[in-house]
Amino acid sequence: MGIEKLKTVLKSPNRSFELKTPVLGASGTYGYNNEFEDFINIEYLGGVVTKGITLEKRLGNKGDRIFETTSGMINRIGLENVGIDCFIKEKLPVLKEKNIDFILNMAGSSFEDYEKLATIVNDNDIKAIEVNVSCPNVNSGCLEFGKNPKTLEELVKKIRNNYDGFLIVKLSPNVSDIRSLALAVQNAGADCISAINTLHGLGIKLNYNGKTFTKKSVQGGLSGRCVKPVSLYYVNQIKNTVDIPIIAIGGIATMNDVFEFISVGADAVQIGTENFTNPSVISDIAVNIEKFMDKNNFKDFEDLKCKIRLEEE
Ligand SMILES: Cc1cc2nc3c(=O)[nH]c(=O)nc-3n(C[C@H](O)[C@H](O)[C@H](O)COP(=O)(O)O)c2cc1C
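So, a few notes on the structure that sits alongside this text. (Residues numbered from 1 in each chain as written. Predicted model: local features only at pLDDT ≥ 70, side-chain atom pairs only at ≥ 80, totals over all residues. Heavy atoms only, no water.)

**Here's the deal with the site of the ligand**
For the ligand, the set of nearby residues contains 23 residues, the closest of which are S27, K170, G224, G251 and T273. A distance of 3.1 Å is found between an oxygen atom of the ligand and a side-chain nitrogen or oxygen belonging to N132. Within the side chain of K170, one N or O atom sits 2.9 Å away from an oxygen atom of the ligand. Under a 2 Å grid-point criterion requiring more than half of the atoms, the pocket assigned to the ligand is the largest pocket. Counted by class, the shell around the ligand contains six nonpolar, 15 polar and two charged residues. (Near = heavy atom within 4 Å. Polar contact = N/O pair within 3.5 Å; in protein donor to acceptor, adjacent residues only side chain to side chain. 1 Å grid on protein atoms, 1.4 Å probe; cavity = no way out; pocket = protein on both sides within 12 Å on 5 of 7 lines; lining within 4 Å. Sits in = over half its atoms within 2 Å of the grid points. Nonpolar A, V, L, I, M, F, W, Y, C, P; charged D, E, K, R; others polar.)

Okay, structure coming up:
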């Protein structure tokens, strides 16, 4: 049956969203696909989550924006992006022409920003959006909306009122109680939760020249393999709180990682930082899952998901 086996349907009470495979490229790490298309087996790409799009074009932060850490990285890109008008004019036609499934990731600094973005994407028939209320690298908005359950519920309701498609809200690990935020998202009518965005982090590089020390530092969002246990913890907490589907993100690099996330409640996954180490990782993982299913006679992904979730020692 081939790739058909990997089909994944995210189902909320009011909508559903179908993915070719359960393995997607995470926002900000997979561009708009064209950056990776020479490396990946495109047939096995579950979809692309776009870079965070804002109303206006943004140049992002000045200075050092990337710092390598043990088993991960810190970034402070600051939501550099082309802005929604340019996305619609230049990026959207290419994604459509190449038949790439995608989810538009959006970010704003005010309720009005998110409402306007929601209206524009609705008018352009964009099938799924991921609302970023979790970026730690900008001075205003974004994470501020994702910390307080009341504010978050109000924001998601406003977006819901302006957008008819599949609505995903991306949560942050930099909060005191993710369960109340997950509940707020569900109550406001969102269809799905994705988690996690990056963790606050500080990278320091000291150099001694024989007389004095010099210091370079980058404060931003930590991601990569080192964050996987944190993400597993949060995905598990979200699963124990809400009924809507969950897309897991954070340190995922192998098929086994995907299975671990499924075991705590994930329905699909996104791959972020690992794309920089292995640009074909998304299709590699999907192909490996297909081989595993063939070898072990799993008829479809739902079947595999149910079996993984039943295992408890
Ligand atoms: C360079 C870089 C840029 C990112 N840009 C965005 C963004 O624009 N919007 C967003 O929601 N998340 C963004 N993220 C967060 C990732 O989508 C992902 O949630 C996070 O990196 C954890 O996954 P990972 O450990 O697999 O990288 C970015 C991450 C990195 C490393």
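**Notes on the nonpolar core**
Counting residues in hydrophobic clusters, the biggest one holds 82 residues, and the most contacted among them are F87, L104, Y114, I129, V169, L171 and I289. It is helix α8 (residues 281-295) that provides the largest number of residues to this core, a total of six residues. Those residues in contact with V169 that lie beyond four places of it in its chain are V131, V133, L152, V156, V185, A190, C192, I193 and S194. Grouped together as the second largest cluster of nonpolar side chains are twelve residues, L24, A128, F166 and C192 included. (Core = buried A, V, L, I, M, F, W, Y, C linked by side-chain atoms within 4.5 Å. Buried < 20%, exposed > 50% of the residue type's maximum accessible area, 1.4 Å probe, protein only. Helix = DSSP H or I, 4+ residues; strand = E, 2+ residues; numbered from the N terminus. Contact = heavy atoms within 4.5 Å.)

**Thoughts on the packing of aromatic side chains**
This model, assessed by the stated rule, comprises ten aromatic pairs. On the basis of an interplanar angle of 20 degrees and a centroid distance of 4.5 Å, the ring pair of Y30 and F36 is categorised as stacked. With a relative accessible area of 0%, Y30 lands in the buried category. For the pair Y208 and F213, a centre-to-centre distance of 4.7 Å together with 40 degrees between the ring planes defines the contact as tilted. By relative accessible area, Y208 is classed as partly exposed at 45%. When its relative accessible area of 58% is taken as the criterion, F213 is described as exposed. An aromatic cluster of three or more residues is present, and its members are Y32, F87 and F102. Directly above the aromatic system of F111 lies the positively charged group of K158, at a separation of 5.6 Å from the ring centroid. Above the face of the F67 ring, K205 is positioned so that its terminal group lies 5.5 Å from the ring centre. (Phe/Tyr/Trp six-rings, centres within 6.5 Å; stacked < 30°, edge-to-face > 60°. Lys NZ or Arg CZ within 6 Å of the ring centre and 35° of its normal.)

**With respect to the packing of helix α3 (residues 149-162) against helix α4 (residues 178-187)**
Packing of α3 against α4 brings their axes to within 8 Å, and their N-to-C directions diverge by 25 degrees. Comparing the axis directions of α3 and α4 gives the class roughly parallel. In the crossing of α3 with α4, the sense of the turn from one axis to the other is right-handed. Seen from α3, the contacting residues are P149, L152, E153, V156 and K157; seen from α4, they are S180, L181, A184, V185 and N187. (Axes fitted to C-alpha atoms, helices over the stretch in contact; angles between N-to-C directions. Parallel < 35°, antiparallel > 145°, perpendicular 65-115°, else oblique. Left-handed = near helix turned anticlockwise from the far one by under 90°.)

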